[in-house]
Amino acid sequence: MSLTGFLGGAVWGLAAGVAVAVATVLGVWGERKVSARIQRRYGPQEAGPFGLLQLPYDFVKLLTKEDVLPRQASPGVFRMAPLLVTTPILMSLVVVPLAMTSGNEGWAPVDSSVGMLFFLAVPSIAVLGVLLGGWSSRNTYATLGGLRAAAQMISYELPRSLAVLSIVLLAGSLRPLAVLSEWRVWWLPLTFIGFVVFFIASLAELNRGPFDLPEAESELVAGYFADYSGMRWALFMMAEYGGALATSLFAAVVFFGGGWPLTGAAGVAVLIVKAVVLTVAMMWVKWTFPRMRPDQLMTTAWKVLTPLALVQLLIVGVVIPWL
């Protein structure tokens, strides 16, 4: 690798880290507000205007908390697991197209010919961090949470990937910029089933409610990160909200045309608005629907979402010859 390539990767990696950190701060505040509205409460309001200063207070609290290491834990694996969860999320952001010019040419931090596959495959590495984080603490609850997360994330990868495959077939490319440039407004009704499958499967991939069995506090006392504290615990939260950001941006680009109908800076603003709407929808789902049982979770993956994703592929396959 050349020095220029290394420096470029370092810059975009830092930018992705900053974006995820900001998304985590705003996501935590936003989720508190959304959940409060659903439950007819106000949410944070005492610390600063609209409770915005509550987030800096929480950040200082996490920085000053003791970094606890359980006596029987495997020190190296225990300390490394949060990074294994967060890093793949940061990596997935670099292939998401962020802008489209009037000349029908887009821009992404990394223009990869297999970017669609990269986005789906790389975040899957996070399952290793979740599994190792639970196992390394030598805590039965945490280990069960890690095992649940591994089974859940692996199961929902199939319908999630099949849902995106229908878009790949329509665009005729695995390159995200090519997908964005080929996107047409009539894809919206055509791929609606695929979007629903992708959205639900993404909730399960991110361990968000009603699919938050790996961290079910009523059963597993926070699950796989039960023994984590301070900034290592914060890294798990960064992975969750960073994953929500990446998923929302990717879905906005693939299923909703990115910044369409605008281009340039205005298009970027439209893309961000679409991503925020999808993120708020994730929060709404979490605070509205009850948590699933493990058998219901697996049944949904294999008997509901996977067949629906295959139906979406069949519909696209029928339409393509007529294009």
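The structure under discussion appears in the preceding block.
Computed from a predicted structure; not experimentally measured.

## Topic: the overall build of the chain
Argument step 1. Regarding its fold elements, the chain presents 13 helices and two strands.
Argument step 2. At 20 Å, the chain has a C-alpha radius of gyration in line with the 20 Å of a compact globule built from 323 residues.
Argument step 3. For the chain, the spread of C-alpha atoms along the principal axes amounts to about 65 × 50 × 45 Å.
Argument step 4. Relative to its full complement of 323 residues, the chain shows a buried share of 48%.
Argument step 5. When contacts within the chain are restricted to residue pairs at least 6 apart in sequence, those whose partners lie at least 24 apart make up 76%.
Argument step 6. By element, 71% of the accessible surface of the chain is carried by carbon and sulfur atoms, the whole surface being about 15,600 Å².

## A few points about the packing of helix H3 (residues 75–93) against helix H11 (residues 230–256)
Argument step 1. Across the interface, H3 lies against H11 with an axial gap of 9 Å and an inter-helix angle of 20°. For the element pair H3 / H11, the angle class is roughly parallel. Two packed elements cross with a definite hand, and for H3 against H11 that hand is left-handed. The segment H3 lies against H11, with Arg-79, Pro-82, Leu-83, Val-85, Thr-86, Ile-89, Ser-92 and Leu-93 engaging Arg-232, Leu-235, Phe-236, Met-238, Ala-239, Gly-242, Gly-243, Ala-246 and Leu-249.
Argument step 2. Tallied by class, the residues present in the contact of H3 with H11 amount to eleven nonpolar, four polar and two charged.

## A closer look at the side chain of Asn-139
Argument step 1. Take Asn-139: it is sitting in the loop between helix H5 (126–136) and helix H6 (140–171).
Argument step 2. Reaching out from Asn-139, the side chain makes a polar contact with the backbone nitrogen of Tyr-141 at a distance of 2.8 Å.
Argument step 3. When neighbours within four sequence positions are excluded, Asn-139 is seen to be in contact with Gly-134 and Asp-227.

## Regarding the nonpolar core
Argument step 1. In this structure, Met-116, Phe-119, Tyr-156, Val-164, Phe-198, Phe-250 and Phe-255 are the most contacted members of the largest nonpolar core, which totals 55 residues.
Argument step 2. In terms of residues, this core owes the most to one element, H11, which gives ten residues.
Argument step 3. For Val-164, the residues in contact, after removing those within four places along its chain, are Met-116, Leu-120, Phe-198 and Phe-250.
Argument step 4. Formed by 17 residues, the second largest nonpolar core is a distinct cluster that contains Ala-73, Val-85, Tyr-224 and Phe-225.

## Comments concerning helix H13 (residues 294–319)
Argument step 1. Helix length check: H13, at 26 residues, gives a terminal C-alpha distance of 37 Å against a target of 38 Å (1.5 Å per residue), a fit within 8%.
Argument step 2. Its maximal kink placed at Thr-300, H13 deviates by approximately 35°.
Argument step 3. Taken together, the buried positions of H13 are Leu-297, Thr-300, Ala-301, Leu-305, Thr-306, Ala-309, Gln-312, Leu-313 and Val-316.

Conventions and cut-offs
- Residues numbered from 1 in each chain as written.
- Predicted model: local features only at pLDDT ≥ 70, side-chain atom pairs only at ≥ 80, totals over all residues.
- Heavy atoms only, no water.
- Helix = DSSP H or I, 4+ residues; strand = E, 2+ residues; numbered from the N terminus.
- Rg over C-alpha atoms; globule rule 2.2 N^0.38 Å.
- Buried < 20%, exposed > 50% of the residue type's maximum accessible area, 1.4 Å probe, protein only.
- Contact = heavy atoms within 4.5 Å.
- Areas by Shrake-Rupley, 256 points an atom, 1.4 Å probe, with all protein chains shown as cover.
- Axes fitted to C-alpha atoms, helices over the stretch in contact; angles between N-to-C directions.
- Parallel < 35°, antiparallel > 145°, perpendicular 65-115°, else oblique.
- Left-handed = near helix turned anticlockwise from the far one by under 90°.
- Nonpolar A, V, L, I, M, F, W, Y, C, P; charged D, E, K, R; others polar.
- Polar contact = N/O pair within 3.5 Å; in protein donor to acceptor, adjacent residues only side chain to side chain.
- Core = buried A, V, L, I, M, F, W, Y, C linked by side-chain atoms within 4.5 Å.
- Expected span 1.5 Å × (residues − 1).
- Bend = angle between axes of the 7 residues up to and from the residue.

Geometric descriptors of this kind do not, in isolation, establish any biological role.
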